[in-house]
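Below, each chain spelled out in residue letters.
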There are 2 protein chains.
Amino acid sequence: MARWEPGARERLQKAALDLFLERGYENVTATDIAEHAGLARRTFFRYFADKREVLFAGSEQLPAAAIEAVHATPTPRSALDTVLHALDLIGTQLAAHGQHAYKRRTVIASSSELQERERTKLAALTTALAQALSERQVPNATAELLAQVGVATFQAAWGQWVNQAGNASFHDCLEHATADLKSAFAASIRPPQPRRTRRTRRAT
Amino acid sequence: MARWEPGARERLQKAALDLFLERGYENVTATDIAEHAGLARRTFFRYFADKREVLFAGSEQLPAAAIEAVHATPTPRSALDTVLHALDLIGTQLAAHGQHAYKRRTVIASSSELQERERTKLAALTTALAQALSERQVPNATAELLAQVGVATFQAAWGQWVNQAGNASFHDCLEHATADLKSAFAASIRPPQPRRTRRTRRAT
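Per chain, residue numbering runs from 1 following the sequence as it is written. All chains are assigned letters beginning at A, and all ligands numbers beginning at 1, according to the order in which they are written. For a predicted model such as this one, the threshold for reporting local features is a pLDDT of at least 70, and the threshold for listing and counting side-chain atom pairs is 80 or more; totals across whole chains, interfaces and linings nevertheless cover every residue. Calculated side-chain values reflect all of the structure's heavy atoms, with hydrogen atoms and water omitted.

Looking at the pattern of salt bridges
Residues and elements named next belong to chain A.
- The term salt bridge refers to a side-chain nitrogen of Lys or Arg lying within 4 Å of a carboxyl oxygen of Asp or Glu. Applying the stated criterion to the full structure yields 18 salt bridges over all chains.
- Between Glu-53 and Arg-52 there is a salt bridge; the shortest N-O distance is 3.6 Å.
- Exposed residues in this analysis have more than 50% of their type's maximum accessible area, buried residues have under 20%, and partly exposed residues fall in between, with area computed by a 1.4 Å probe over protein chains only. Taking the relative accessible area as the measure of exposure, Arg-52 reaches 25% and is therefore partly exposed.
- One salt bridge connects Asp-81 with Lys-182, and the closest N-O pair in it is separated by 3.9 Å. Of this pair, Asp-81 sits in helix α5 (residues 79-96) while Lys-182 sits in helix α9 (residues 170-188), and the two are 101 residues apart along the sequence.
- For Lys-182, a relative accessible area of 11% puts it in the buried group. Runs of E in the DSSP output that reach at least two residues are strands. Runs of H or I that reach at least four are helices, and both are numbered from the N terminus.

Following this line, the structure appears as structure tokens:
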């Protein structure tokens, strides 16, 4: 009986998103999802702990992936560029499996419980990035701040990527969001003084 | 009987924090808090919906205060400086009533439920700031990104303020965190090209 179902995970994910959008997240059960995918209920539980986890499958691997991505970033780079480079790697991997990202975003926006879960996921990613930066001798407070700014930029880029899915690479979306942010900082910094060293901190 | 208790709110807040730290957040009830403060249980519920809300009292006013603070910021300012100015106002107000901030932070760090609640509070603040920026003609995506970056900077500044409570103004902590971030951006931006207009966006 319990034979291997080709593409079961993907079928369950697609069925879940379709049902969540059609009936509302609260009104869908794991059994509904399995049925809609033409699979047994127990097949559902072979892949996912509950219906919420269909939307967050794999996210427990994000922190470790982020740390690895920071370590994989060549060293002669500023701390900010290191975070952004790591998030570029992560986002590009996620985008490769992100064909349902638009539906997923809509479902998450519909439920405060799911939004909380999403924030928890991003907080774990932020903590991991901060830790990896600290290991590269970035002071703790700066590492936390840059990790948060990096994840904010990542979210902006992901939002753009989802909006344009198929027509832009995640990398380009991240470049765009980064340029947006750098432009905001350039507009905030007073007109440049005669050339200074690059790392000079100003009291503004 | 139900007479007015002078300083009841403050006594309950102090009692709650002391008990949460002493016994653990999960092990304290509203009744314990009231008793510890020398007040009746029903007095507790006149001020707070439950024990969790002792830690978040007033936070429902943050979004409106943030919108007001953005509107109170003089206009010839960059979008980033507007957010930071608004958060300076907010943080300075919070700091004026923040005598228990260190204990509060320790309690929140002890419970994932409380951390979630804290993130929800900050997300509402971020949304409000983004909305207020949009009303100032900042494009939506940029407004959201800058609101997040602003709140990240706020959190860094608040963390510093709590660490040094009594020895630094919130304003100085925010300036310090902002300088830290600007320095990270300066280190990331390539060596300056021959003078450009300040708002030029570069594709990096």
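Quick word on the packing of α5(A) against helix α7 (residues 112-134) of chain A
Residues and elements named next belong to chain A.
- Where α5 contacts α7, the axes come no closer than 11 Å and their chain directions differ by 135°. Comparing the axis directions of α5 and α7 gives the class oblique. Here α5 and α7 pass one another in a crossing that is right-handed. Listed contacts from α7 to Ala-79, Thr-82, Val-83, Ala-86 and Leu-87 of α5 are Leu-125, Leu-129 and Leu-133.
- Its residues assigned to classes, the contact of α5 with α7 shows seven nonpolar, one polar and no charged. Helix axes use the C-alpha atoms of the stretch in contact, all axes being lines fitted to C-alpha atoms, and the angles between their N-to-C directions lie in the range 0 to 180 degrees. Any angle that falls under 35 degrees is termed roughly parallel, while one over 145 is termed roughly antiparallel, one within 65 to 115 roughly perpendicular, and all others oblique. Here a crossing is taken to be left-handed if its near helix is turned anticlockwise relative to the far helix by less than a right angle, and right-handed if that turn runs clockwise. Whether two residues are in contact is decided by their heavy atoms: any pair within 4.5 Å suffices. The residue classification treats Ala, Val, Leu, Ile, Met, Phe, Trp, Tyr, Cys and Pro as nonpolar and Asp, Glu, Lys and Arg as charged. All others, Gly included, are polar.

Looking at the confidence of the model for chain A
- pLDDT measures how confident the predictor is about each residue, on a scale from 0 to 100. Chain-level pLDDT for chain A is 89 on average; 90% of the residues reach the 70-or-more range.
- The ipTM, which scores confidence in the relative placement of chains, is 0.84 for this predicted complex, and the corresponding pTM is 0.86.

Digging into helix α5 (residues 62-71) of chain B
All names here are of chain B.
- All of the buried residues in α5 are Leu-62, Ala-66, Ile-67, Ala-69 and Val-70. Buried positions in α5, seen along its axis, are confined to an arc of 160° and lie on one side of it.
- In this fold, the buried residues of α5 make contact with α6 (79-96) and α8 (112-134). The directions from the helix axis to the C-beta atoms form the arc being described.

What to know about the environment of A:Ala30
Residue and element names in this part refer to chain A.
- Relative to the helices and strands, Ala-30 resides in helix α2 (residues 30-36).
- What makes Ala-30 buried here is its relative accessible area of 11%.
- The contact partners of Ala-30, leaving out residues within four places of it in the chain, are Phe-44 and Phe-45.

Here we look at the packing of aromatic side chains
Residues and elements named next belong to chain A.
- Here is the rule: rings of Phe, Tyr and Trp (six-membered ring for Trp) pair when centre to centre is within 6.5 Å. Planes less than 30 degrees apart are stacked, more than 60 are edge-to-face, and the remainder are tilted. Under the counting rule described, the total for this entry stands at 17 aromatic pairs over all chains.
- With a centroid separation of 5.9 Å and an interplanar angle of 50°, the aromatic rings of Trp-158 and Phe-170 are classed as tilted. Of this pair, Trp-158 sits in helix α8 (residues 140-163) while Phe-170 is found in helix α9, placing the two residues twelve residues apart along the sequence. Each member of the pair, Trp-158 together with Phe-170, is buried.
- The rule is short: NZ of Lys or CZ of Arg within 6 Å of the ring centre and within 35 degrees of the ring normal puts a charge over the ring. Across the ring face of Phe-56, the terminal group of Arg-104 is positioned such that the distance to the ring centre comes to 5.0 Å.

Things to note about the packing of α5(A) against α9(A)
All names here are of chain A.
- Running from amino to carboxyl end, α5 crosses α9 at an angle of 145°, the nearest separation of the two axes being 9 Å. In this structure, α5 meets α9 at a crossing whose hand is right-handed. For the pair formed by α5 and α9, the contact residues are Asp-81, Leu-84, Leu-87, Asp-88, Gly-91, Thr-92 and Ala-95 on the first element and Phe-170, His-171, Leu-174, Thr-178 and Lys-182 on the second.
- Here the residues of the contact of α5 with α9 sort into five nonpolar, four polar and three charged.

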